[in-house]
Amino acid sequence: MHDANDEMPLHPDTMAIIAGRPPHEPDQPMSVPVHLTSTYVAGGQVEYGRYGNPSWTAFEETLGALEGGHCVSFASGMAAIAAVFDLVEPGGTIVAPRHSYTGTVAALAEREEHGRAKALFVDITDTAAVAEACADAAMVWFETPTNPALEVADITAIVRAAHAHGAIVAVDNTFATPLLQRPLEHGADIVVHSATKYISGHSDVLMGAAVTASDELAAALVQRRSLYGAIPAPLEAFLALRGLRTLPVRLERAQATAQELVRRLDGHPALEEVRYPGFGAIVSIVVRGGADPADALVGRTRLWVHATSLGGVESTFERRRRWPLEQPTIPEGLVRLSVGLEHVDDLHRDLVGALDSLG
Ligand SMILES: *Cc1c(COP(=O)(O)O)cnc(C)c1O
């Protein structure tokens, strides 16, 4: 049935609910079920479980609708990142922020070590320096905000500089999510997600995705997934989509709580710095005195869970430099907070109690 309403653009909150559903016809299921099968009857489009699964497709339609491109899902964020890096011909240069996610920096360093790519690390907030680095680049890769420094990049300016030199632009949008930032609308070629984080949102799934502006790039990524098998499991795809349905309400609440916590933590004597880019639900605090008091802090809370990862309904935090791979330019006392959905007063009391106890 056609009516004029079909032409009205829908809000992301609505798209998150309606995309990737079976048609509204009698006895169609409301949700695409978990399709556990390794093979399909021959003669159709899919044929084999490494090439496709309806549970992936439902997830991909929904995230693709939110980012405004063609979504290809992967087994994890790193699997998506590896497939995107593989688009660069051997020996090509990849420009990336020096404060990228540790796994991304390590993957680039490993490629460089084996002569498969050159990595050029930049201060992503220094747009002029990034533009200069673009001259030799095959790909410009960045996160914004960066993990865990929370630096913000000028997406439009970097896209312009990169495209002037024919470089592909890929943006890791894990922290902002498509609700706060849609890099494809700013001209980026590829958006990558660790769907493990906000998209799934319940700390029970590892999954990744790449969303592309062009069919050609999507086909190249599907080819890599089909050949090398970094495929999501059907149950993971189902759970990630179930999580994605509520991303708008989860993020709205988590962001409001993060903003309120930032306001209340301002000027606390145990803190050197509170870093917050103004949006999203990740806050990085720098504890005065470095590693020891920061390690003490993460052991003294009841609600805040000392754990890596982020984007779940439960609030977690960790001192990032406990990881040997974290950049030495990240302060020893930096604790990254992933603000969850508990009540702001409870989270605040718990955190400030632990901070006050540092003396
Ligand atoms: C966690 C994370 C990744 C890696 O994703 P996995 O799902 O753990 O493989 C990549 N980028 C960012 C910004 C992340 O936070």
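Position labels on residues start from 1 in each chain and follow its written sequence. Local features in a predicted model are, by the rule used here, given only for residues with pLDDT of at least 70; side-chain atom pairs are given and counted only at 80 or more, and totals for whole chains, interfaces and linings are based on all residues. Excluding hydrogens and water, the side-chain values take into account all heavy atoms of the structure.

As a reminder of what qualifies: UniProt positions are given in the numbering used here, feature names are shortened, and annotations may be inferred rather than shown by experiment.
Per an unreviewed UniProt entry, the protein chain goes by the name homocysteine desulfhydrase and belongs to Agromyces ramosus. Entered under Cofactor (unreviewed entry) in the UniProt record, the comment concerning the protein chain runs "pyridoxal 5'-phosphate". Word for word, the UniProt comment on the protein chain under Sequence similarities (unreviewed entry) is "Belongs to the trans-sulfuration enzymes family."

### Some remarks on the site of the ligand
Quick note on the threshold: Nearness is judged by heavy atoms alone; a residue qualifies as near a molecule or strand once a single heavy atom is within 4 Å of it. We call two N or O atoms a polar contact when they sit within 3.5 Å, provided that within protein one can donate a hydrogen and the other can accept it, with sequence-adjacent residues counted only if both atoms are side-chain atoms. In short, Shrake-Rupley with a 1.4 Å probe defines the accessible areas, and a residue's cover is counted only from the protein chains shown. Cavities and pockets are defined on a 1 Å grid built over the protein atoms alone: a cavity is a set of grid points where a 1.4 Å probe fits but cannot escape, while a pocket is an open set with protein on both sides within 12 Å along at least five of seven lines, and lining residues are those with an atom within 4 Å of any such point. Throughout, a molecule is located in a cavity or pocket provided that more than half of its atoms lie within 2 Å of its grid points. Note on conventions: DSSP H or I runs of at least 4 residues are helices, E runs of at least 2 residues are strands, and numbering of each starts at the N terminus. Residue classes follow a fixed rule: Ala, Val, Leu, Ile, Met, Phe, Trp, Tyr, Cys and Pro count as nonpolar, while Asp, Glu, Lys and Arg count as charged, and any other residue, Gly among them, counts as polar.
In the vicinity of the ligand lie 14 residues, with Met78, Asp172, Ser194, Thr196 and Lys197 positioned nearest. Thr196 has a polar side-chain atom sitting 2.6 Å from an oxygen atom of the ligand. A distance of 2.8 Å is found between an oxygen atom of the ligand and a side-chain nitrogen or oxygen belonging to Lys197. Expressed as a share of its isolated accessible area of 380 Å², the protein-covered part of the ligand is 93%. The site holding the ligand turns out to be the largest pocket. With three residues, helix α3 (residues 77-85) is the single largest residue contributor to the shell around the ligand. Across the shell around the ligand, the residue classes tally to five nonpolar, six polar and three charged.

### With respect to the sheet that holds strand β1 (residues 70-74)
Sheet strands line up and pair through hydrogen bonds in the backbone, either parallel or antiparallel. For clarity, the cut-off: Note on pairing: two strands pair once DSSP finds at least 2 bridges between them. To obtain an axis, a line is fitted to C-alpha atoms, over the contacting stretch when the element is a helix, and the angle between two such axes runs from 0 to 180 degrees between their N-to-C directions. We call two residues contacting when some pair of their heavy atoms lies within 4.5 Å.
Pairing is mixed across the open sheet formed by seven strands, whose spatial order is β1-β7-β6-β5-β4-β2-β3. Bordering the open sheet on either side are β1 and β3 (118-122), each of which pairs with just one other strand. Strand-to-strand twist across the sheet, computed as the mean angle between neighbouring axes with direction ignored, equals 20°. Bridging between strand β4 (residues 137-143) and strand β5 (residues 168-172) involves five bridges; their strand directions are parallel. Each bridged residue has a counterpart across the sheet, and for Trp141 the counterpart in β5 is Ala170. In this fold helix α4 (residues 102-113) packs onto β2 (93-97), β3 and β4, with an angle of close to 140° to the strand it touches most, β3. Contacts from helix α8 (residues 215-228) reach β1, β5, β6 (190-194) and β7 (208-212) within the one sheet, and its direction differs from that of β1 by about 15°.

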